[in-house]
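Architecture at a glance
Now for the letters of each chain:
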Amino acid sequence: MTAGPVRIRRYGGVQIRTGSNEVTIPVADVGLPADVAVPEGANGVVLFAHGSGSSRHSPRNTAVAGVLRSRGAATVLVDLLTPEEDAVDAVTAELRFDIGLLADRLAGIVDWLGTEPTLGRLPVGLFGASTGAAAALVAAAGRPDRVAAVVSRGGRPDLAGPALTGVRAPTLMLVGGLDEQVITLNEQAAAALTAPHELRIVPGATHLFEEPGALEQVAADAADWFAAHLRVPA
């Protein structure tokens, strides 16, 4: 990635600067690789939780992140599994469904963001895809004073289970109109949420939003949601 030119900050050996940075975020006893991008005058920071079998290089999440940055949000795309864990998961597919593990790591990153001088003052949003959406909601329930908004893209919020009732952050769920099973699962999760929430169906879209204009709609809706709910304290 191309590094931004100014305002270097340090935390625990990690440098964060205005622009783009490849960093390793310390969480518990592991270091998680991440791409952090901070536009000038950022008004919030959105942490991405990718879905089953994906990574921080997901073309769909990176596309959405680009739109969010154009609207003034800093973005953090992170691998929630270490390279060693990812190698195991590629064979067993079990860790991608370990919602507790993924949520704990997301919460740890939220805590880390709070200590980082450049980003610590910014409200935090979580953007989760597939199983990452469940992890995002569990993390939001665990950090109600830090997480200000959540967006789920083709997510499995139902896998958040009892944590759904503890979510306080306004939550937007985006599902493809042709992704019928996931629509049903999102409707079930929406019924359990007590926080402000909205379920939006993207017409003609399948699970990965590969149809023309579908991902652009997701990015626009997510950007509007975060713009409405991520507000820097005066």
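Heads up: the structure comes first, above all this text.
On a predicted model such as this, the values are computed, not experimentally measured, just so you know.

About the thresholds
Residues numbered from 1 in each chain as written. Predicted model: local features only at pLDDT ≥ 70, side-chain atom pairs only at ≥ 80, totals over all residues. Heavy atoms only, no water. Helix = DSSP H or I, 4+ residues; strand = E, 2+ residues; numbered from the N terminus. Expected span 1.5 Å × (residues − 1). Buried < 20%, exposed > 50% of the residue type's maximum accessible area, 1.4 Å probe, protein only. Contact = heavy atoms within 4.5 Å. Axes fitted to C-alpha atoms, helices over the stretch in contact; angles between N-to-C directions. Parallel < 35°, antiparallel > 145°, perpendicular 65-115°, else oblique. Left-handed = near helix turned anticlockwise from the far one by under 90°. Nonpolar A, V, L, I, M, F, W, Y, C, P; charged D, E, K, R; others polar. Phe/Tyr/Trp six-rings, centres within 6.5 Å; stacked < 30°, edge-to-face > 60°.

**A few points about helix α3 (residues 99-115)**
Residues spaced three or four apart along an α-helix point in a common direction, a consequence of the helix completing one turn every 3.6 residues. With 17 residues, α3 ought to run about 24 Å at 1.5 Å a step, and its terminal C-alpha atoms sit 25 Å apart, in line with that. Taken as a whole, α3 has its buried residues at Ile99, Leu102, Ala103, Arg105, Leu106, Ala107, Gly108, Ile109, Val110, Trp112 and Leu113.

**Here we look at the environment of glycine 31**
For glycine 31, the position within the fold is in strand β3 (residues 30-38). For glycine 31 and leucine 81, which are 50 residues apart along the polypeptide, the C-alpha to C-alpha distance reads 9.2 Å. Here glycine 31 is in contact with Thr24, Ile25 and Thr82, once residues within four sequence places are set aside.

**Here's the deal with the packing of helix α1 (residues 59-70) against helix α6 (residues 214-229)**
At a closest axis distance of 9 Å, the pairing of α1 and α6 adopts a crossing angle of 45°. The pairing of α1 with α6 is recorded here as oblique in orientation. Note on packing geometry: the crossing formed by α1 with α6 is right-handed. Contacts between α1 and α6 involve Arg60, Ala63, Val64, Val67 and Leu68 from the former and Leu215, Val218, Ala219, Ala222, Ala223 and Phe226 from the latter. Residues of the contact of α1 with α6, tallied by class, amount to 10 nonpolar, no polar and one charged.

**Re the packing of aromatic side chains**
This model, assessed by the stated rule, comprises one aromatic pair. Ring centres of phenylalanine 48 and phenylalanine 127 lie 4.9 Å apart, and the angle between their planes is 40°; this geometry places the pair in the tilted category. With phenylalanine 48 in strand β4 (residues 44-49) and phenylalanine 127 in strand β6 (residues 124-129), this residue pair connects regions lying 79 residues apart in the sequence. Taken individually, phenylalanine 48 and phenylalanine 127 each receive the classification buried, so the pair is uniform in this respect.

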